[in-house]
Each structure stands twice: as C-alpha cells, then as structure tokens.
Amino acid sequence: MAERRSARAVVTALADDATFAELSTPIRQSRPDGPLAWPGYDDSRARAAERTGEQESVVCGTARVGGTRAVLIAFEFGFLGGSLGERTGDRLEAAYAYARERRCPVVPLIATGGSRMQEGMLALTQLQRVARQSALTREAGLAQVAVLRDPTTGGGWATLGAGADVVLALPGAQVGFAGSRVRPADADPTAYTAEAQVAAGAADALVRPEELRETLGRWLRLLTCPSTTPAPPPEPLGETAVLPATGWDAVRRALSPQRPRAAAYLDAYFTDRVAISGDRCGGTDPEGMLCGFGTHEGRTVAYAAQTGTATRPAGYRTAARLIRLADRLGIPVLTLVDTPGAANDAEAERQGAGAAIADLFGAVASARTPVTTLVIGEGGSGGALALAAPGNTWATPDSYFSVIAPELAAAILKRPPRQVESTADQLRIRPQDLVELGVIRGTVGG
C-alpha cells in the first residue's frame, strides 16, 4: 500500500514554494443530516472535520508546479474516505470553471473510495457533473493530468482518473473501479493496483513520490506550450547520405541491424521527453510504438514512432490517442515510420487490427495541428502509411516505402525467388522514386 498523505501535505510537496492559493468554497444550503436525512451524517462530517481540519473531502486551489500555473484538486481520504457528495461536486465544478476562465491545466490528486453512501443517488450523480466539467475543459483545449494516490477507486477513478489526458500513479496504490469491500472474494488483488493499470494501458506511468514534483512539472510545461509551426523532420543518423542505387539496395539498407532505430532518433531530436503508454482499451505496445511529448529547439513536439517491429493494434490506438491529444492542445506532431507492417497474427485480428489502423488513419487525416513524418527504415504497406502525414512525409537515405514487401509481392505475382530483386525495382520504393512519384515531399540528408 502506498503512503497515505493528507491533501495539504500532497499539495505542499508538489507546489512551488508559497504559490498555493485555495479557491473560495461554494456555499450550499445545509440540510440536517444531508439530502437523505441520514441519521448521524452531520456527526460523521463533524468528526471528519475535527480529525482532518477540512470541511470537505477535496481541497482545491491554484499553484505553480515546476513554474507552470495549474489548478490542483487534492482529495482528503481522511474525510469520509475521500468520498464524493454534493458539496464535493460543488467544489469540483467551481475548480474546473476557474481553470477554464484562467486557462489553467487541471491536476486531480486522487485518493477516494467513491461516492458517499449517506447521500445515495444524489452522491452518485456528482459523477455526471464531474464528467461534464472534464469534457468542457477538454473542449477548451486545456490539459488534465491525474495523479493516482492510494486508494483510487469507484467513480473517482472512472471520471477524474481514467478520464484525464495523462495518468500518473504512485507505486503500490490501490487503483480500480471496484473497491476492496465490493469486489469478488476470490478476485486477484494484484489486478487492482497501479502497476496493473499501467500494464493494461489504463495509466501512463508509475512515478515514485520523491520524483512526482519534477515529473508533474515537466508534464505541465510540455502540455501548455502550443505552436502552429510544423515540426522539422530530424536529420538522418545513418552512416551514408548516398541514396540507394536499386530497390533491393533500399530494402537491404533498411533491414540492416546497424541502421539507427526510433529511440536513437528521438534521443537526438529532443532535449527532454516524457512518454504516454497504453490505448485506454486494455492494451500496450511498448516494443512497437513509442509515444509522448518532448522539447525540440525550445518548443513542445508530440511524437509517435514505430520501432522497426510489426505494430500491434494497441500501438496504433496509442498513436491515435497521442495525435488527438496533441491536436486538442495545439501541439505539432512528429511521426517516425519504421515497420515491416501491421501485426497479422490471429491475436492481432482478435484485438481489432483493422479498426485500430482505421482509427489512426482518421486521427492523422482529421488533425488540425501540423503533422510531420520521417520514414527512417521500413515502410511496410498500410501499417506504415497510417502513421504518415499526407503532403508532409520525408524519408532518410536508408529507408523504403512499399505497397507490400518485395518478397510478398513476388509471391503474390507467382514469381520465382530470383525475381524478388527485380520486383523491388519495379515497385519503385526508393526514397528518390517516392519523391518523383509525389508520394513523399523529399529526402533528408540525401
């Protein structure tokens, strides 16, 4: 179990010195023992207030975190388990409205057991209020970065947590829709942890408490720097700037184990970067797709990069999620194409490969923010093209782009293996061929 700190202790640990200012508290007409006249409810709230020094289960205010001003929503678990009631909803609604008015990102610091039983369905409907405020803030182009503390369960997880743009979690925190007292008796407890949510693609990263302030500050800085200028394509990292002589030479160079891969390009391009992970549908593809935000020449650029392996459905969905988030925040996108194609095994089909690729095509096609693409290795069919920006795709000298791998093209055409190389030439897959055909805008370093 992660350490349970009070709401104000968490705020103090994260906020830049002397920058936290609590927001005014909305006033709601009080009714004896709440809206359901629940016997003893007022006494429970009074004891919670005496124990914690708070009047409700959330503390809302503004602060600078790593130099970026944000609205912080800190849950006080010691106040009736950090549960959400009508007055909690009032505070949350006011905090989100303030964030939109002042153009601030929102940071929910969650520690809650869910909705407050003593207020019945009126407590549960606060989730609708929260969801609407989150949606309005999203439409306003403001980032929401959630921090999952212990515990994050019930409606708090299903709205403020899982609904955020970026989800960070403290190691060991209990995280799940079902709290410990309502899940099946034989349920595997490890499924209800921050670690499990990251593995399932529902949260982006585990962050140790001592690193949270720096990490959160970096995320807020990167997500609040919009730009309308396209990202420039990276410089090539290959050993030669000479373009390939033949189609098969292009294939051979792209397949070389010595060729630089995505990680090397990202390291060279960005001075610092942070990663998102997961498709929010139960999947991750850490071996096939790298996504996140970084700093290039002083401004934020989002990236989605294939790593040279067959891309799985979760990878495509994560890339689509990244592009849509960058589009909403007004951040330019860089994509790196390098894949033999989409994963085509039976499990990939069961995971919805076609739908995932279609979703990415749609995200790129509808993006209003500028998207720049560099083909750095293999450009294998539609599984590669889905990540490519129409009209702004470039290629390195050690890359190729093809409707299908030459070997497979020869097989489909019933040609003998000796004709694979000539088939590669006929397909016109070299970078210079692609420029001449109008498929790509140009080559870098060639």
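Above this text is the structure in question.
Residues numbered from 1 in each chain as written. Predicted model: local features only at pLDDT ≥ 70, side-chain atom pairs only at ≥ 80, totals over all residues. Heavy atoms only, no water.

Colleague: Hey, could you run me through the environment of Gly-294 in this one?
Modeller: Locating Gly-294 in the fold gives a position in strand S10 (residues 289-296). Overall, the relative accessible area of 0% leaves Gly-294 in the buried class. Spatially, the C-alpha atom of Gly-294 lies 9.5 Å from that of Arg-218, the residues being 76 residues apart in sequence. Setting aside its immediate chain neighbours within four residues, Gly-294 contacts Leu-222, Phe-270, Asp-272, Arg-273, Arg-299, Thr-300, Val-301 and Tyr-303. (Helix = DSSP H or I, 4+ residues; strand = E, 2+ residues; numbered from the N terminus. Buried < 20%, exposed > 50% of the residue type's maximum accessible area, 1.4 Å probe, protein only. Contact = heavy atoms within 4.5 Å.)

Colleague: Looking at this structure, I do not really get empty space enclosed by the protein. What am I missing?
Modeller: If a probe as big as a water molecule is rolled over the atoms, it shows which places are left empty. Tallied over the entire structure, the rule returns two cavities of 30 Å³ or more. Of the pockets and cavities examined, the largest cavity occupies roughly 90 Å³. Lining of the largest cavity is provided by Arg-28, Gln-29, Ser-30, Arg-31, Gly-34, Pro-35, Tyr-41, Arg-45, Glu-86, Arg-87 and Glu-119. Of the residues assigned to the lining of the largest cavity, the class counts are two nonpolar, three polar and six charged. The calculated volume of the second largest cavity comes to roughly 60 Å³. What lines the second largest cavity is Glu-22, Leu-23, Ser-24, Thr-25, Pro-26, Cys-60, Arg-91, Ala-94 and Ala-95. A total of three residues in the lining of the second largest cavity trace back to one element, the largest contributor, which is helix H3 (residues 86-102). Split by residue class, the lining of the second largest cavity holds five nonpolar, two polar and two charged. (1 Å grid on protein atoms, 1.4 Å probe; cavity = no way out; pocket = protein on both sides within 12 Å on 5 of 7 lines; lining within 4 Å. Points joined across faces, edges and corners; volume = space filled by probe spheres on them. Nonpolar A, V, L, I, M, F, W, Y, C, P; charged D, E, K, R; others polar.)

Colleague: What exactly am I supposed to notice about unusual backbone geometry here?
Modeller: Excluding glycine, residues mostly carry a negative phi; peptide bonds, for their part, are mostly trans. The peptide bond linking Asp-150 to Pro-151 adopts the cis configuration, its omega dihedral lying at -10°. Within the fold, Pro-151 resides in strand S5 (residues 145-153). One non-glycine residue, Arg-428, adopts positive backbone phi at about 55°. Assignment of secondary structure puts Arg-428 in the loop between helix H16 (420-427) and helix H17 (431-437). On the accessibility criterion, Arg-428 (29% relative accessible area) is partly exposed.

Colleague: What's the story with helix H10 (residues 262-269) in this structure? I'm lost.
Modeller: Helical geometry: 3.6 residues make up each α-helical turn, so side chains three or four residues apart lie on a common side. For H10, the set of buried residues is Ala-262, Tyr-265, Leu-266 and Tyr-269. The arc enclosing the buried residues of H10, seen along the axis, measures out at 95°, which places them on a common side. Facing away from the buried side of H10 by over 90 degrees, the exposed positions are Asp-267 and Ala-268. Residues of H10 that are buried in the fold lie against strand S9 (272-276), S10, strand S11 (299-306), strand S12 (333-339) and strand S13 (371-380). (Arc of directions from axis to C-beta.)

Colleague: Looking at this structure, how should I read the side chain of Gln-144?
Modeller: Summarising the element assignment, Gln-144 is placed in the loop between helix H5 (126-139) and S5. On the basis of relative accessibility, which here comes to 2%, the residue Gln-144 falls in the buried class. Ignoring any residue separated from it by four or fewer positions in sequence, one finds Gln-144 in contact with Tyr-96, Val-106, Ser-134, Thr-137, Arg-138, Ala-164, Asp-165 and Val-166.

Colleague: So what exactly am I meant to see when it comes to helix H6 (residues 154-161) here?
Modeller: When you tally the buried positions in H6, you get seven out of eight residues, the bulk of the element. Burial in H6 covers these residues: Gly-154, Gly-155, Gly-156, Trp-157, Thr-159, Leu-160 and Gly-161.

Colleague: I'm lost on the pattern of salt bridges in this one. Help?
Modeller: Note that side chains of opposite charge can pair when their charged atoms are close. Applying the stated criterion across every chain yields a total of 34 salt bridges. Across the pair Arg-116 and Glu-56 runs a salt bridge, and its minimum N-O distance is 3.0 Å. Linking Arg-116 in the loop between strand S4 (106-112) and helix H4 (120-124) with Glu-56 in the loop between helix H2 (41-52) and strand S2 (58-65), this pair joins segments that are 60 residues apart in sequence. Since its relative accessible area comes to 2%, Arg-116 is described here as buried. Taking the shortest distance from any N to any O, the salt bridge between Asp-204 and Arg-280 comes out at 2.6 Å. Placement of Asp-204 in the loop between helix H7 (194-199) and strand S8 (205-206) and of Arg-280 in the loop between S9 and S10 is noted, with a sequence separation of 76 residues between them. Residues joined in a network through salt bridges with shared partners are Arg-28, Arg-31, Glu-86, Asp-90, Glu-93 and Arg-129. (Salt bridge = Lys/Arg side-chain N within 4 Å of Asp/Glu carboxyl O.)

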